[in-house]
Every structure is written in C-alpha cells, then in structure tokens.
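Examining the three-dimensional arrangement
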Amino acid sequence: IHQFVEISTLREEVDKLKETLEARKLIEKAKGSLIKGGLSEPEAYRKMQKIAMDKRKTLKEVADAILLMDI
C-alpha cells in the first residue's frame, strides 16, 4: 500500500511538472512574439505580467491570448 501511495504521489508530481513546463513554453513563445513587435525581453515579460494582474488571469491564459492574436 505504501508503494502504491508513493507511486501515485510521484505521478501527480510528474503531471504538475509537465503542465508547468508546457505553460512555460507557451509563455516563452508569447514573449517571443512581443519581442518581434519591438519590445525587449524584460519589457515583454513585464507587459504580460501586468495584463495578467489587471485581468486576473494566469500568465498561461495571457500567453494563449497573445498567440491567438498573433496568428
């Protein structure tokens, strides 16, 4: 039973880490899109953070929106 619980916990942790990595990749793509628009890297990231705070959204949701608008 102990091994089952440990394996289940590890699987949950792996799933969370995968989601975090996917979100990070998406954020980096959106940041790259803003950089192409003429912003520096820190400016692009700060702009995304500000939008996320103002709209009460996650950075991942903001990145999704930026990438959708870029298409």
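Per chain, residue numbering runs from 1 following the sequence as it is written. In keeping with the predicted nature of the model, local features appear solely for residues at pLDDT of at least 70, side-chain atom pairs appear and are counted solely at 80 or more, and the whole-chain, interface and lining totals rest on all residues. Values reported for side chains reflect all heavy atoms of the structure, with hydrogen atoms and water molecules removed beforehand.

1. A closer look at the overall build of the chain
The cut-off we apply is this: Put simply, DSSP H or I for four residues or longer makes a helix, DSSP E for two residues or longer makes a strand, and each gets a number counted from the N terminus. Taken over C-alpha atoms, the radius of gyration is set against a globule rule of 2.2 Å times the number of residues to the power 0.38. Type-normalised accessible area, obtained with a 1.4 Å probe on protein chains alone, sets the label of each residue: buried when under 20%, exposed when over 50%, and partly exposed for intermediate values. Residue-level accessible areas treat just the shown protein chains as cover; the underlying method is Shrake-Rupley with a 1.4 Å probe. In summary, the charge assignment counts Lys and Arg as positive and Asp and Glu as negative, without counting His or the chain termini. One atom stands in for each charge, and that atom is NZ of Lys, CZ of Arg, CG of Asp or CD of Glu.
Each helix and strand counted, the chain has three helices and zero strands in total. For the chain, the N- to C-terminal ordering of α and β elements is α-α-α. Expected size for 71 residues packed as a compact globule is a radius of gyration near 11 Å; at 16 Å, the chain overshoots this value by more than 25%. Seen through its C-alpha atoms, the chain measures out along the principal axes to roughly 55 × 20 × 20 Å. Taking all 71 residues of the chain together, 20% fall into the buried category. As displayed, the chain offers around 6000 Å² of accessible surface, 58% of which is attributable to carbon and sulfur atoms. Here the chain holds 15 positive side-chain charges and 13 negative ones, and the gap between their average locations is 5 Å.

2. A look at the packing of helix α2 (residues 41-55) against helix α3 (residues 59-70)
Rules: Helix axes are fitted only over the stretch in contact, all axes being lines through C-alpha atoms; the angle between N-to-C directions runs from 0 to 180 degrees. Here the word oblique covers every angle except those under 35 degrees (roughly parallel), over 145 (roughly antiparallel) and from 65 to 115 (roughly perpendicular). Each helix crossing is assigned a hand: it is left-handed if the near helix lies turned anticlockwise from the far helix by less than a right angle, otherwise right-handed if that turn is clockwise. By the convention used here, residues are in contact when the closest approach between their heavy atoms is within 4.5 Å.
Their axes nearest at 9 Å, the elements α2 and α3 cross at an angle of 110°. In terms of orientation, α2 lies roughly perpendicular with respect to α3. For the crossing formed where α2 meets α3, the hand is right-handed. Side by side, α2 and α3 meet where Tyr-45, Met-48, Gln-49, Ile-51 and Ala-52 of the first sit next to Leu-59, Val-62, Ala-63 and Ile-66 of the second.

3. Focus on α2
The following threshold applies: The span expected for a helix works out to 1.5 Å for each residue beyond the first. Picture the helix axis, draw a direction to every C-beta atom, and the arc is the one those directions span.
Between its first and last C-alpha, α2 extends 21 Å over 15 residues, near the 21 Å set by a 1.5 Å rise per residue. Among all positions of α2, only Ala-44, Met-48 and Ala-52 are buried. The buried residues of α2 occupy an angular sector of 70° when the element is viewed end-on, so they sit on one face. Of the exposed residues in α2, the ones pointing more than 90 degrees away from its buried face are Pro-42, Met-53 and Asp-54. Of the residues one or two after α2, Arg-56 is the one with positive phi, at around 55°.

4. Looking at the pattern of salt bridges
This is how the line gets drawn: Basic side-chain nitrogens of Lys or Arg form a salt bridge, by our definition, when they fall within 4 Å of a carboxyl oxygen of Asp or Glu.
Evaluation of the coordinates by the stated rule reveals four salt bridges. Salt-bridge contacts for Arg-24 lead to Glu-28; the nearest nitrogen and oxygen are separated by 3.0 Å. Highlighted residues: Arg-24 and Glu-28, both in helix α1 (residues 2-36), separated by four residues, approximately one helical turn. Arg-24 sits in the partly exposed class, given a relative accessible area of 34%. Its salt-bridge partner being Glu-28, residue Lys-31 comes within 3.3 Å of it at the nearest N-O pair. With a gap of three residues between them, Lys-31 and Glu-28 both fall in helix α1, about one helical turn apart. Overlapping salt bridges, with partners in common, bring together Arg-24, Glu-28, Lys-31 and Glu-41 in one network.

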